[in-house]
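# Summary of the model geometry
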Amino acid sequence: MIINQISKKVFCTLCSLTLIATLNAKITLPTILDDNMVLQQQTDVKLWGEAKEKSKVTVKTSWNENVYIVDSDEKGHWMAHVTTPVAGGPYNINIKDGKDEITLKNVMIGEVWFCSGQSNMEMPVRGFNDQPVLGSMDAIAKATADRPIRMYTTDSENGSWVRQFDKKPQTDCKGKWLENTPENVANISAIGYFFADYIESVLHVPVGIIVSTRGGSKVEPWISQDVLSTFPEVDLSILKNKDEITNATATPCVLYNSKIAPLTNFVIKGFLWYQGESNRGDTDLYSRLMPAFVQDMRNRWGIGNFPFYFVQIAPFNYDGVERTSAASLREVQVQNMKDISNSGMVTTLDIGDPVMIHPTDKKTVGVRLAYWALGTTYNRLKHGYAPPLYKSMEVNGSEISVSFDNIEHGLCPINVEVGGFEIAGIDKKFYQAKAIVKGGKVIVKSDSVENPVAVRYAYKNYATASVFNSYGIPASPFRTDDWK
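Residues numbered from 1 in each chain as written. Predicted model: local features only at pLDDT ≥ 70, side-chain atom pairs only at ≥ 80, totals over all residues. Heavy atoms only, no water.

### Digging into the pairing of strand β16 (residues 389–396)
The sheet contact formed by β16 and strand β17 (residues 399–405) spans seven bridges and is antiparallel. Bridge pairing in β17 places Met-393 opposite Val-402. As consecutive antiparallel partners, β16 and β17 are separated by two residues, and within that stretch Gly-397 has a phi angle of approximately 65 degrees, a positive value. (Pairing = 2+ DSSP bridges. Helix = DSSP H or I, 4+ residues; strand = E, 2+ residues; numbered from the N terminus.)

### A short note on the packing of aromatic side chains
Evaluation of the coordinates by the stated rule reveals 30 aromatic pairs. A centroid spacing of 5.0 Å and a plane angle of 25 degrees characterise the contact between Phe-114 and Phe-271, whose relative ring orientation is stacked. Note that Phe-114 is positioned in strand β7 (residues 100–117) and Phe-271 in strand β13 (residues 270–274), a separation of 157 residues in sequence. On the basis of an interplanar angle of 55 degrees and a centroid distance of 5.7 Å, the ring pair of Tyr-152 and Trp-177 is categorised as tilted. Highlighted residues: Tyr-152 in strand β8 (residues 149–153) and Trp-177 in strand β11 (residues 176–178), separated in sequence by 25 residues. By the ring-pair criterion, three or more aromatic residues cluster together here, those being Phe-114, Trp-222, Phe-271, Trp-273, Phe-293, Trp-301, Phe-306, Phe-308 and Phe-310. Its guanidinium or amino end placed over the ring of Phe-306, Arg-298 lies 5.8 Å from that ring's centre, counting from NZ or CZ. (Phe/Tyr/Trp six-rings, centres within 6.5 Å; stacked < 30°, edge-to-face > 60°. Lys NZ or Arg CZ within 6 Å of the ring centre and 35° of its normal.)

### A look at the environment of Leu-39
For Leu-39, the position within the fold is in strand β1 (residues 38–40). Put simply, Leu-39 and Pro-388 are 349 residues apart on the chain and 35 Å apart in space, counted from C-alpha to C-alpha. Non-local contacts of Leu-39, meaning those with residues more than four positions away in its chain, are made with Val-45, Trp-63, Thr-84, Ile-93, Val-107, Met-108, Ile-109, Gly-110, Val-112 and Phe-266. (Contact = heavy atoms within 4.5 Å.)

### Considering the confidence of the model for the chain
Confidence in the prediction for the chain averages 95 pLDDT; 95% of positions are at 70 or higher. Contacts for the low-pLDDT stretch residues 1–23, under 50 throughout, to residues beyond four places or in other chains number three contacts. (pLDDT = per-residue confidence, 0-100.)

### Looking at helix α9 (residues 325–339)
Taking 1.5 Å of rise per residue, the 15 residues of α9 would be expected to cover 21 Å, and the 21 Å separating its terminal C-alpha atoms lies within 8% of that figure. Extensive coverage of α9 is indicated by the burial of 11 of its 15 residues. Taken together, the buried positions of α9 are occupied by Ser-325, Ala-326, Ala-327, Ser-328, Leu-329, Arg-330, Val-332, Gln-333, Val-334, Asn-336 and Met-337. In this structure, the buried side of α9 is in contact with α8 (283–301), β14 (308–311), β15 (343–346), α10 (362–377) and β16. (Expected span 1.5 Å × (residues − 1). Buried < 20%, exposed > 50% of the residue type's maximum accessible area, 1.4 Å probe, protein only.)

### Re the pattern of salt bridges
Applying the stated rule across the entire model yields 20 salt bridges. The salt bridge partner of Asp-481 is Arg-479, with a shortest N-O separation of 3.7 Å. The class for Asp-481 is buried, based on a relative accessible area of 8%. (Salt bridge = Lys/Arg side-chain N within 4 Å of Asp/Glu carboxyl O.)

### Considering the pairing of β14
Side chains Phe-308 and Phe-310 project from β14 onto one buried face, and the interleaved Tyr-309 and Val-311 project onto a second face that is buried too. Judged from the three bridges that link them, β13 and β14 form a sheet pairing that is parallel. Of the residues in β14, the one forming a bridge with Phe-271 is Phe-308. For the segment spanning β13, α8 and β14, crossover handedness is right-handed. One ladder, built from four bridges, connects β14 with β15; its direction is parallel. Each bridged residue has a counterpart across the sheet, and for Tyr-309 the counterpart in β15 is Gly-344. Once you follow β14 into α9 and on to β15, the crossover reads as right-handed. (Right-handed = clockwise from strand over helix to strand, strands pointing away.)

### Some thoughts on the sheet that holds strand β19 (residues 417–418)
On the basis of which strands lie adjacent, the open sheet formed by five strands has the order β16-β17-β23-β22-β19 and antiparallel pairing. Each end of this open sheet is capped by a strand with a single partner; those strands are β16 and β19. Both β17 and strand β23 (residues 441–445) contribute to a ladder of four bridges, which runs antiparallel. In the sheet register, Val-402 faces β23, and the bridge partner there is Val-442.

### A look at the sheet that holds strand β20 (residues 421–424)
Sheet architecture is open: four strands sit in the order β21-β20-β24-β26, paired in antiparallel fashion. Both edges of this open sheet fall to β21 (430–432) and β26 (478–479), since each of them pairs with a single strand only. Both strand β24 (residues 454–457) and β26 contribute to a ladder of two bridges, which runs antiparallel. The residue of β26 that forms the bridge with Tyr-457 is Phe-478.

Shown next, in the form of structure tokens:
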């Protein structure tokens, strides 16, 4: 009897504490909704969080003094759809639930881009230890808080890495919006920052980048379980068992769950991606995973066929300069651009390094991504941003004439010998060839091959660029054969 009375008292106490906690529930927001954030201009954005259950949540925006009232559900979750004006700021957003309220300050309206991938996207402006970034001091020294560039990062805090991964999709993640100060710029993605820097300087609007990366990661960890379950060759058993995650860079879904899923309510303009080095071992699978990944991202955000711009992996020694695992991956990436609608690829054949997997020239990559955005998203450029791509070849006796796409104003350098070309006959043996640019084509021949049937350009793990469009964008490596 005494035990029952004690149990009743404990139960009543717990109920009272629960009631008090419910009544005193405060408004909480995900980390992506905070001071200093950038909201996408001229669209309907989502604001969401938690408050008292089944209560009225009021959202007021200072740019037009509009008031939005929404109901929280039985668990306290709420979401408001807010209309944003043309680019500008700073503004405030007041969120109120009864007596409890939060005011988000220094909110900018502009252009928002999501930046993801592995270490070449992760590499901060200050560089990695013993691995520099060209022009880093200049970018860091010139950074000022009053310039309307804002950066949200899930990767680092004060320069220390924050590693996040999970077997199940999360609703929030560790992250913070940062102003454009020297300290913050030093620790943010260099490619993401140089992209934002260029876009802001051209469009003269606030630019926000959301950085969510993980060095060494395959693409599989970035894809949702729903999509990966349609690929029988991908083992998802770890998501259902009790095994600990020992390698988040290769475990399916765990980076999507922790570093993308919590952010898909936040409206973006487009997606920037630099990844692929870790998938060189199975290019056939990668060729099928990437279109599925992009479509999954577009479905998750639910804002249409947003632009997806990515970087072709740079030249590096990998498993040997003369071997072709990286060349095969680059070949797949060219096909990805053709298979993925509203996409664009940056070539990096002119900035690789045989012994450093993280090329120092991140600014060129960020700016070339910006060219794609300015060309196809913002309609500021008509051509020049897309790399020359192999189109076709024609055999004329002992010569092969190679044609390219994306050379509106020609191919360079003209009338001089260019390197990196090889030619083969039916014996499938490739020989170094002499090549020259004439009339927008490359004429290739070798004294060692009397009757050529195939040509390759820079089709190795490490190679250097010799052919460009007239705007200085290097042609993508290619081969005309499909020999193993």
